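Notes for the structure review
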Amino acid sequence: MTIGTPPGFFRVPFRLPGGEEVELDTDRGLFSVAHVDPGTKVLLAKAPSPPAEGNLVDLGCGYGPISIALAKQSPKATVWAVDVNPRARELTEANARRLGAHNIRVVAPDDAPDDLVVAALYSNPPLHTGKSHLHELLVHWLGRLAPDGGAWLVVKRSLGSDSLIPWLTNSGFPANKLGSRRGYRVIEVRLPDSPAQARGAMGE
Ligand SMILES: C[S@@+](CC[C@H](N)C(=O)[O-])C[C@H]1O[C@@H](n2cnc3c(N)ncnc32)[C@H](O)[C@@H]1O
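A quick note: this is a predicted structure, and the numbers were derived from the prediction, not measured.

Some points on the pairing of strand β4 (residues 78-82)
Most of β4 sits out of view: 4 of its 5 residues are buried. Sheet topology note: the strand β3 (residues 55-59)/β4 ladder contains 5 bridges and is parallel. The residue of β4 that forms the bridge with Val-57 is Trp-80. Each parallel crossover has a hand, and the one from β3 via helix α2 (residues 65-73) to β4 is right-handed. Sheet topology places β4 next to strand β5 (residues 104-107); 4 bridges connect them, and they run parallel. When the bridges of β5 are listed, Trp-80 appears paired with Arg-105.

This is the structure:
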């Protein structure tokens, strides 16, 4: 914790995909308060770079590491940082402002436009709320993918990543394991007609 900050408030180091070192403000009660989650780092290292333009979604943004990485990589895209937790949204907003990531729109799930077409979705999704919530959430958001869009999810192997892949595929969202590191799997979802797009990984 930084000296002089209120109790429960942390500032954690974060290396952007381009290599720049920044700091993110977090707060007690949020996910992975004391450091950026290792799964989030694996996702950013393994997933392809985001498209340069269009709508990118960080589903369950927390205090914003994924949103800020996406926004910095694709400054012409619009990054929708979505979270149910108002404090998470507040901190994503503040971190984005401080770091000059001006292309982030922070919204509660119900405040995202109904007709949003998503070019790419990245998520370290909520797992603590149970499988049926996760499934409902994924079906809702993956259903908004553009025909040539894609989604990348990071899930700990011990928390069910391997069963999520066939479930997604059977639900109409063809999924495969893109890579894994330190017990985390990165799952890639491509719609049936989506061209295989090989972009470089975001790097760590
Ligand atoms: C595993 S955390 C990931 C946080 C952040 N992306 C990171 O990498 O540190 C999942 C986040 O999903 C949020 N969440 C839970 N249910 C949600 C929902 N229905 N819609 C959007 N976000 C949700 C939680 O508040 C939490 O911040």
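Some words on the site of the ligand
Surveying the vicinity of the ligand reveals 20 residues, the closest of which are Phe-31, Thr-40, Gly-60, Gly-62 and Pro-126. The residue inventory of the shell around the ligand, partitioned by class, reads 11 nonpolar, 7 polar and 2 charged.

Some remarks on the pairing of strand β7 (residues 145-156)
Relative to β7, strand β6 (residues 118-123) runs parallel, the two being bridged by 5 bridges. The residue bridging Ala-120 from the neighbouring strand is Gly-150, located in β7. For the segment spanning β6, helix α4 (residues 131-142) and β7, crossover handedness is right-handed. Both β7 and strand β9 (residues 184-190) contribute to a ladder of 7 bridges, which runs antiparallel. Pairing of Lys-156 across the sheet is with Tyr-184, part of β9.

Scoring rules and cut-offs
- Residues numbered from 1 in each chain as written.
- Predicted model: local features only at pLDDT ≥ 70, side-chain atom pairs only at ≥ 80, totals over all residues.
- Buried ≥ 20, exposed ≤ 12 C-beta atoms within 10 Å, placed from the backbone.
- Helix = DSSP H or I, 4+ residues; strand = E, 2+ residues; numbered from the N terminus.
- Pairing = 2+ DSSP bridges.
- Right-handed = clockwise from strand over helix to strand, strands pointing away.
- Near = placed C-beta within 6 Å.
- Nonpolar A, V, L, I, M, F, W, Y, C, P; charged D, E, K, R; others polar.

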